[in-house]
Every structure is written in structure tokens, then in C-alpha cells.
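# Architecture at a glance
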Amino acid sequence: MELSVATVGELVDALEARWPGMRDRICDSTPAIRRHINVFVDGERASLDTRLAPGADVFILTAISGG
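Fair warning: this is a prediction, and the values are worked out from it, not measured in the lab.

Let's shift gears to the pattern of salt bridges. One pass over the structure, following the stated rule, counts one salt bridge. Between Arg-23 and Asp-13 there is a salt bridge, with the nearest N and O atoms lying 2.0 Å from each other. Note that Arg-23 is positioned in helix 2 (residues 22-26) and Asp-13 in helix 1 (residues 8-18), a separation of 10 residues in sequence. A relative accessible area of 26% places Arg-23 in the partly exposed class. For Asp-13, a relative accessible area of 38% translates into the label partly exposed.

Turning next to the sheet that holds strand 3 (residues 58-62). The antiparallel open sheet is built from three strands, whose spatial order is 2-1-3. Strands at the two margins of the open sheet, each flanked by one partner only, are strand 2 (44-45) and strand 3. The pairing of strand 1 (residues 37-41) with strand 3 spans five bridges and is antiparallel. Paired with Val-41 across the bridge in strand 3 is Val-58.

Before going further, it helps to examine the side chain of Thr-7. Considering the arrangement of structural elements, one finds Thr-7 in the segment before helix 1. Classification of Thr-7 as buried rests on a relative accessible area of 13%. In terms of polar contacts, Thr-7 uses its side chain to reach the backbone amide nitrogen of Glu-10, at 3.1 Å. Discounting residues that sit within four places of it in the chain, Thr-7 has contacts with Leu-48, Asp-49, Thr-50, Arg-51 and Leu-52.

What counts, and where the lines are drawn
- Residues numbered from 1 in each chain as written.
- Predicted model: local features only at pLDDT ≥ 70, side-chain atom pairs only at ≥ 80, totals over all residues.
- Heavy atoms only, no water.
- Salt bridge = Lys/Arg side-chain N within 4 Å of Asp/Glu carboxyl O.
- Helix = DSSP H or I, 4+ residues; strand = E, 2+ residues; numbered from the N terminus.
- Buried < 20%, exposed > 50% of the residue type's maximum accessible area, 1.4 Å probe, protein only.
- Pairing = 2+ DSSP bridges.
- Polar contact = N/O pair within 3.5 Å; in protein donor to acceptor, adjacent residues only side chain to side chain.
- Contact = heavy atoms within 4.5 Å.

Written out as C-alpha cells, the structure is:
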């Protein structure tokens, strides 16, 4: 999916508009990305303030742990 947004935070807002409840799954109340969620922009770890260049690839992944 392509979106016209400038930051990861704006991306989360756009996802929330499309799928209500998505923000609560990605962000905590501070707001920041939840501990067990990883966001990568063009292969680099990102925060809500991370700028997005046109055409940037963004991946939102849940952490996997276990023993």
C-alpha cells in the first residue's frame, strides 16, 4: 500500500484512519512504539519521529520471543 506521509507517526495515523484500533496495537500511551513492536524504514530501526522519503519501505513487525 502506498501512502503520502512524512513521518512514521503520520503513517500510524493513516493506518488508524483506515483500520480503527491500529494505533493502540502499534503505540503505547506515551506515545511511542510499543516495546514488542519493531518498525523499520528502509532496513533501519525507526521511531514515530523518523522521516519518510518518497518511496520508503516501511515494515511493522511484532517481536518474536520464546524459549
